[in-house]
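Letter by letter, the chains look like this.
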Amino acid sequence: MPNLIGTVTLEGGNPVADAWIDMYSVEGGGKHYNGLTDSEGKFKFNLDPLVGRYNINVEPPTWKEGFENYCRVSTEVVISSSDIDSSGVVNLEPIVLTTPNIVGTVYGPLGSAHATSTLENISVEIFKKSEWEEQKIADDNTDSNGNFKMSVTDSGNYTLKIWAYGYEGMYAGSEYT
């Protein structure tokens, strides 16, 4: 029997079937859980341990009509014993898919032969600094044209990091409010 139940919806509350869920424990050896949402947008896992910190990445079903413009959502969930109901289950707040409000294109490093070329499969991440640590809020990999898209819903200062293997020292950092 699953001990964690979550739901993926659109902004209007409609459930999203066939979204890919990738969930892993931040603590305790990084246990990994994954699967697709059902026709009601629900995903269910049997977490061990249940209490702890988990990162959840939700990939929209972009191959389905109407989902082409949605982007991956990443969130962190902290589960405490007070979140567990009387049947031993944690019901998460819905995870809402959004359309991107941050888009861009990654080019090769300035001063290199690739400076005007777009770069494919480059990791782009957005971090928000909390009181104790820097937390990844969103991420994407560039497509074949070097484009990325992400969504950030909370106001505040963010850092955009671009990681490109094979390009030593390539890192871009910017703050956005």
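Here we summarise the structure given alongside this text. (Residues numbered from 1 in each chain as written. Predicted model: local features only at pLDDT ≥ 70, side-chain atom pairs only at ≥ 80, totals over all residues. Heavy atoms only, no water.)

**With respect to the environment of threonine 37**
Part 1 of the reasoning: Here threonine 37 shows up in the loop between strand S3 (32-36) and strand S4 (42-45).
Part 2 of the reasoning: Distance in space between the C-alpha atoms of threonine 37 and isoleucine 21 is 7.3 Å, their sequence separation being 16 residues.
Part 3 of the reasoning: When residues no more than four places from it in sequence are discounted, the contact partners of threonine 37 are Val8, Val16, Ala17, Asp18, Ala19, Ile21, Lys42 and Phe43.
Part 4 of the reasoning: Engagement of the side chain of threonine 37 in a polar contact is seen with the backbone nitrogen of aspartate 18, the distance being 2.9 Å.
Part 5 of the reasoning: Within polar-contact distance, the side chain of threonine 37 engages the backbone nitrogen of alanine 19 at 2.9 Å. (Helix = DSSP H or I, 4+ residues; strand = E, 2+ residues; numbered from the N terminus. Contact = heavy atoms within 4.5 Å. Polar contact = N/O pair within 3.5 Å; in protein donor to acceptor, adjacent residues only side chain to side chain.)

**Remarks on unusual backbone geometry**
Part 1 of the reasoning: With an omega dihedral of 5°, the bond running from aspartate 48 to proline 49 counts as a cis peptide bond.
Part 2 of the reasoning: Look at aspartate 18: it is not a glycine, yet its phi comes out positive at around 70°.
Part 3 of the reasoning: Position of aspartate 18 relative to the elements: it lies in the loop between strand S1 (4-9) and strand S2 (20-25).
Part 4 of the reasoning: Given the relative accessible area of 27%, aspartate 18 is considered partly exposed. (Buried < 20%, exposed > 50% of the residue type's maximum accessible area, 1.4 Å probe, protein only.)

**Focus on the sheet that holds S2**
Part 1 of the reasoning: Read across the sheet, 4 strands follow the order S3-S2-S5-S6 without closing on themselves; strand pairing throughout is antiparallel. Pairing within the sheet leaves two strands with one partner each, and these edge strands are S3 and strand S6 (73-79). For this sheet, the mean angle separating the axes of adjacent strands, direction not counted, is 20°.
Part 2 of the reasoning: When S2 meets S3, the two strands line up antiparallel, connected through 5 bridges. (Pairing = 2+ DSSP bridges. Axes fitted to C-alpha atoms, helices over the stretch in contact; angles between N-to-C directions.)

**Looking at the nonpolar core**
Part 1 of the reasoning: Formed by 24 residues in total, the largest nonpolar core has its most connected members in Leu4 and Leu47.
Part 2 of the reasoning: Those elements that provide at least two residues to this core are S1, S2, S4, strand S5 (52-59) and S6.
Part 3 of the reasoning: Not counting chain neighbours up to four residues away, the residues in contact with leucine 47 comprise Asn3, Leu4, Met23, Tyr33, Tyr54 and Ile79.
Part 4 of the reasoning: By size, the runner-up hydrophobic cluster in this structure holds 13 residues, among which are Val106, Leu119, Val152 and Leu160. (Core = buried A, V, L, I, M, F, W, Y, C linked by side-chain atoms within 4.5 Å.)

**Observations regarding the environment of tyrosine 107**
Part 1 of the reasoning: You can see tyrosine 107 is positioned in the loop between strand S9 (102-105) and strand S10 (123-129).
Part 2 of the reasoning: It is 4.3 Å that separates the C-alpha atoms of tyrosine 107 and threonine 118, two residues lying 11 residues apart in sequence.

**Quick word on the pattern of salt bridges**
Pairing is possible between side chains that carry opposite charge, provided their charged atoms lie close to one another.
Part 1 of the reasoning: On inspection of all chains with the given rule, the structure shows 8 salt bridges.
Part 2 of the reasoning: Ionic pairing is found between lysine 64 and aspartate 18, a salt bridge with its closest N-O pair at 3.1 Å. With lysine 64 in the loop between S5 and S6 and aspartate 18 in the loop between S1 and S2, the pair connects residues that are 46 residues apart, well separated along the chain.
Part 3 of the reasoning: Owing to a relative accessible area of 25%, lysine 64 belongs among the partly exposed residues under this scheme.
Part 4 of the reasoning: Residue glutamate 76 is joined to arginine 53 by a salt bridge in which the shortest nitrogen-to-oxygen separation is 3.4 Å. Separated by 23 residues along the polypeptide, glutamate 76 in strand S6 and arginine 53 in strand S5 bring together distant segments of the chain.
Part 5 of the reasoning: Assessed through its relative accessible area of 22%, glutamate 76 is described here as partly exposed.
Part 6 of the reasoning: A residue is classified by how much of its surface remains accessible, and arginine 53, at 23% relative accessible area, is partly exposed.
Part 7 of the reasoning: Each of Glu59, Arg72, Glu125, Lys136, Asp139 and Asp140 takes part in one network of salt bridges that share partners. (Salt bridge = Lys/Arg side-chain N within 4 Å of Asp/Glu carboxyl O.)

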